[in-house]
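Residues per chain are reported as follows:
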Amino acid sequence: MTTTAPPGSQRRTEPPTAPADGRRAVLRRIRSGNGFVFVLPFLLIFALFMVWPIVQGLWMSFTDSSLALRDTSFVGLDNYTEAFGDPDVWSSLGNTVFFTAISSVPLVLVALAMALLVHSGLAGQWAWRLAFFAPYLLPVTVVTLIWTWLYQPELGLGNQFLDALGMEPVGWLSDESVAMWSIAALTVWWTVGFNFLLYLAALQSLPTTFDEAAALDGAGAWRRLWSITLPQLRRTTGLVAMLQVLASLKVFDQIYILTKGGPNGSTRPVLEYVYDVGFTGYRLGYASAVSYLFFALIIVVSLVQFRLFRRED
């Protein structure tokens, strides 16, 4: 005869969930670690070619490191103090700011005009896009070679055009008052294609409902452009302006190849001065100090631009 225990007297046993949860946690850690394994090669390369040179250059700015001397000693803030009192630093900084001002504005406005022209539905849009973007694909050496011939005093197209109009020839690269404007014109022709693509992509992504509704209400093309299209491009304009200002501040290649900072240092930017001091004057420590002061200026400009655009948004 068997007896059955009452239901309340039976002991309930819970499944051992703790070991299972532990295994799941271990598997999650393994899976999360797989991502780090894939990222590790990039981190190593980034640390080797970016982080370490930045740290090494910062340390070098506090020393009297030179290509002509083996021994290096710590000099503290002497390089930075000298940089603040160096008139060549301030003149090259003024040239850089002037180039940024005269190149950034047309690079934004011309790119916007080109994008609006293509977006308006002109025939042969592929040809317009190719013509506007093709110069951006050229290397700086090819661009400077083309414009060197255009700026050539006797046979250049620029002075031949002025001669046809009965005007005096211009020293495009030899006149101190004209040289920087000539380099800015070259830069606009060369790099405006990138900004053009950004604006064109933004225009193609805009909704058409607002423009169609305004057209039904009788708004003309110019009214729709100023009241509907341009306000919707505000974020893109902010991005283009920020990228362009930063790119213009870092100008070096075309100026160094065309004029090497001349005539009389009227076109020498900060980066060329850093190059001259470091690799011609062999003063690596002082060149590093000047470059880090310029780097701090770029950071300040970036933060100011970011703050302004965020406030507008």
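Check the entry above for the structure.
This is a predicted model, so every value here is computed, not measured.

Novice: Run through the overall build of the protein chain, naming residues and quoting values.
Specialist: When helices and strands are tallied, the protein chain shows 13 helices and zero strands. Going from N to C terminus, the protein chain has its helices and strands arranged as α-α-α-α-α-α-α-α-α-α-α-α-α. For the protein chain, long-range pairs separated by at least 24 residues make up 67% of all intrachain contacts whose partners lie at least 6 apart in sequence.

Novice: Quick one: what's the story with helix α9 (residues 221-232), residue by residue and with numbers?
Specialist: The end-to-end C-alpha separation of α9 is 15 Å, in line with the 16 Å expected for 12 residues at 1.5 Å each. Within the span of α9, buried status applies to R224, L225, I228 and T229. In a view along the axis of α9, the buried residues occupy a sector of 130 degrees, so they form one face of it. In this structure, α9 carries W222, R223 and W226 as exposed residues pointing more than 90 degrees from its buried face. On the buried face of α9, the contacting elements are α3 (87-119), α7 (179-205) and α8 (209-216).

Novice: Please provide a residue-by-residue account of unusual backbone geometry, values included.
Specialist: Looking along the chain, the bond that leaves G262 and enters P263 is cis, with omega of 0 degrees. Phi at N264 is positive, roughly 55 degrees, even though this residue is not glycine. Turning to its location among the elements, N264 is positioned in the loop between α11 (253-258) and α12 (270-280).

Novice: Break down the packing of aromatic side chains for me, citing the residues and quoting the values.
Specialist: Using the criterion set out here, one finds 17 aromatic pairs in the structure. Ring centres 6.4 Å apart and planes at 25 degrees place the aromatic pair F62 and F74 in the stacked group. Of this pair, F62 sits in the loop between α1 (17-60) and α2 (78-84) while F74 sits in the loop between α1 and α2; the two residues are 12 residues apart in sequence, bridging distant segments of the chain. With relative accessibility at 54%, the residue F74 sits in the exposed group.

Novice: Residues and numbers for the environment of S302, please.
Specialist: Following the sequence through the fold, S302 ends up in helix α13 (residues 284-312). Separated by 57 residues in sequence, S302 and V245 have C-alpha atoms that sit 8.9 Å apart. A distance of 2.8 Å separates the side chain of S302 from the backbone oxygen of I298, its partner in a polar contact.

Novice: Provide a residue-level description of the packing of α3 against helix α10 (residues 234-249), including the pertinent values.
Specialist: Orientation of α3 relative to α10, taken along the N-to-C sense of each, is 145 degrees, at an axis distance of 9 Å. Relative to α10, α3 is oriented so that their crossing is right-handed. Packed against α3, whose contacting residues are T96, F99, T100, S103, S104, L107 and V108, the element α10 presents T237, V240, A241, Q244, V245, S248 and L249 at the interface.

Novice: Let's hear about the pattern of salt bridges: which residues, and what values?
Specialist: The tally for this structure, following the rule as stated, stands at three salt bridges. Between E82 and R283 there is a salt bridge; the shortest N-O distance is 2.9 Å. On the criterion of sequence distance, the pair formed by E82 in helix α2 and R283 in the loop between α12 and α13 is long-range, its members being 201 residues apart. Exposure remark for E82: the relative accessible area of 33% places this residue in the partly exposed category. Residue classification places R283 among the partly exposed positions, given a relative accessible area of 35%. A salt bridge links D88 to R268, with the nearest nitrogen and oxygen atoms 3.9 Å apart. Of this pair, D88 sits in helix α3 while R268 sits in the loop between α11 and α12, and the two are 180 residues apart along the sequence.

Novice: Explain α10 to me, and be specific about the residues and the numbers.
Specialist: Because an α-helix packs 3.6 residues into every turn, residues spaced three or four apart end up facing the same way. The terminal C-alpha atoms of α10 lie 23 Å apart, and with 16 residues this matches the ideal 22 Å at 1.5 Å per residue to within 8%. Among the residues of α10, those classed as buried are T236, G238, V240, A241, M242, Q244, V245, L246, S248 and L249.

Cut-offs used in this document
The residue numbering used here restarts from 1 in each chain and proceeds along that chain's sequence as written. In keeping with the model being predicted, local features are shown solely for residues with a pLDDT of at least 70 and side-chain atom pairs are shown and tallied solely at 80 or more, while totals for entire chains, interfaces and linings include all residues. To get the side-chain values, take all heavy atoms of the structure and skip hydrogens and water. Under the DSSP-based scheme used, a helix requires at least four consecutive residues in state H or I and a strand at least two consecutive residues in state E, with every element numbered from the N terminus. Any two residues having at least one pair of non-hydrogen atoms within 4.5 Å are treated as being in contact. What a helix is expected to span follows from its residue count: subtract one and scale by 1.5 Å. For every residue, the accessible area (1.4 Å probe, protein chains only) is compared with the maximum for its type, and the residue is labelled buried under 20%, exposed over 50%, or partly exposed between those bounds. The arc in question is formed by the directions pointing from the helix axis toward the C-beta atoms. Aromatic contacts are taken between Phe, Tyr and Trp rings whose centres are within 6.5 Å, Trp giving its six-membered ring; a plane angle under 30 degrees counts as stacked, one over 60 as edge-to-face, and the others as tilted. Polar contacts, as used here, are pairs of N or O atoms within 3.5 Å; protein pairs need one atom able to donate a hydrogen and one able to accept it. Residues neighboring in sequence count only if both atoms are side-chain atoms. Throughout, an axis means a line fitted to C-alpha atoms (over the contacting stretch in the case of helices), and angles, computed between N-to-C directions, take values from 0 to 180 degrees. We call a crossing left-handed when the near helix sits turned anticlockwise from the far one by less than a right angle, and right-handed when that turn is clockwise. Counted as salt bridges are all cases of a side-chain nitrogen of Lys or Arg within 4 Å of a carboxyl oxygen of Asp or Glu.

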